[in-house]
Structure formats: structure tokens, C-alpha cells
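Structure at a glance
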Amino acid sequence: MQWKLEDLRHKEVIDLRTGEKLGYIDDVELDTDSRTIRGFVIYGRRCFWGLLRREEDLFIPCESVRLYGKDVLLTESAEGFGGHVQK
């Protein structure tokens, strides 16, 4: 199956363990050596109307994705998602 980044950006991400809406996919992290997708990135929300700062970006590894649907990506993690994204 092939996806375009534009198709992924419209997918809402939901945590199966908590039922929490995590946001929408903003970017993907690639492993250029193996030419694979390592995971998905949801940019941190802006705090105080975006004037002061943003929350940390959320990284969702591909291993935690349980279902990729037409409108949603369902994921779960026993330990929660570890935030920092390497840039």
C-alpha cells in the first residue's frame, strides 16, 4: 500500500488505551539508511495563543500503530509516547 504525506496529514490519531485524541499527523520521520518510516510526528500545541511557546512535539513510532483507517490512525503504547523528536 502506498500513501502520500498529504493523505497522512488528514488522519486523526487516537490512543486506544486512553481514548484520547492526540491530534493530526503533521510529519513523518524517515530512516534514510533503511529507507523506511520510523514514525509519525504531531506538532505540539501552541500555548497562550501561540505567543509564548509550544508544547513538545509528539513522536509515534510505527510499532505502536494498530490500525490505519480511512480517517483515523489508532495507536497504543503501554508507557505513553516519548515526546522529543530529533530534528
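Values in this document were obtained by computation on a predicted structure and should not be read as measured data.

All right, on to the nonpolar core then. As a rule of thumb, soluble globular proteins bury nonpolar side chains together. Grouped together as the largest cluster of nonpolar side chains are 11 residues: Leu 8, Val 13, Leu 22, Ile 25, Val 28, Phe 40, Ile 42, Leu 58, Ile 60, Val 65 and Leu 73. Mapped onto this core, the elements with two or more residues apiece are β4 (36–42) and β7 (58–61). Excluding residues that lie within four positions of it along the chain, Ile 25 makes contacts with Leu 8, Arg 9, Lys 11, Val 13, Phe 40, Val 41, Ile 42 and Leu 73.

Okay, unusual backbone geometry next. With phi around 60 degrees, Arg 35 is a residue other than glycine that occupies positive phi space. As for its position among the elements, Arg 35 is in the loop between β3 (27–31) and β4.

As a further point, take the pattern of salt bridges. For the structure shown, the criterion picks out three salt bridges. The salt bridge involving Glu 76 is made with Arg 17; its shortest N-O contact spans 3.8 Å. Taken together, the positions of Glu 76 in the segment after β9 (72–75) and Arg 17 in the loop between β1 (12–15) and β2 (21–24) put the pair 59 residues apart, joining distant regions of the chain. If you follow the salt bridges from partner to partner, you end up with Arg 17, Arg 66 and Glu 76 in one network.

Moving on, we get to the sheet that holds β4. Read from one edge of the open sheet, three strands run β3-β4-β7, paired in antiparallel fashion. The open sheet is flanked by β3 and β7, the only strands paired with a single partner. With direction set aside, neighbouring strand axes in the sheet form an average angle of 30 degrees. Bridging between β3 and β4 involves five bridges; their strand directions are antiparallel. By the bridge assignment, Leu 30 is partnered in β4 with Ile 37.

Attention now goes to the environment of Val 72. Structurally, Val 72 is set in strand β9. On the basis of relative accessible area, Val 72 is assigned to the partly exposed category, the value being 22%. Counting along the chain gives 61 residues from Val 72 to Lys 11, while the straight-line C-alpha distance between them is 4.8 Å. Contacts of Val 72, omitting those with residues within four sequence positions, involve Lys 11, Glu 12, Ile 14 and Leu 67.

The rules behind these values
- Residues numbered from 1 in each chain as written.
- Predicted model: local features only at pLDDT ≥ 70, side-chain atom pairs only at ≥ 80, totals over all residues.
- Heavy atoms only, no water.
- Core = buried A, V, L, I, M, F, W, Y, C linked by side-chain atoms within 4.5 Å.
- Buried < 20%, exposed > 50% of the residue type's maximum accessible area, 1.4 Å probe, protein only.
- Helix = DSSP H or I, 4+ residues; strand = E, 2+ residues; numbered from the N terminus.
- Contact = heavy atoms within 4.5 Å.
- Salt bridge = Lys/Arg side-chain N within 4 Å of Asp/Glu carboxyl O.
- Pairing = 2+ DSSP bridges.
- Axes fitted to C-alpha atoms, helices over the stretch in contact; angles between N-to-C directions.

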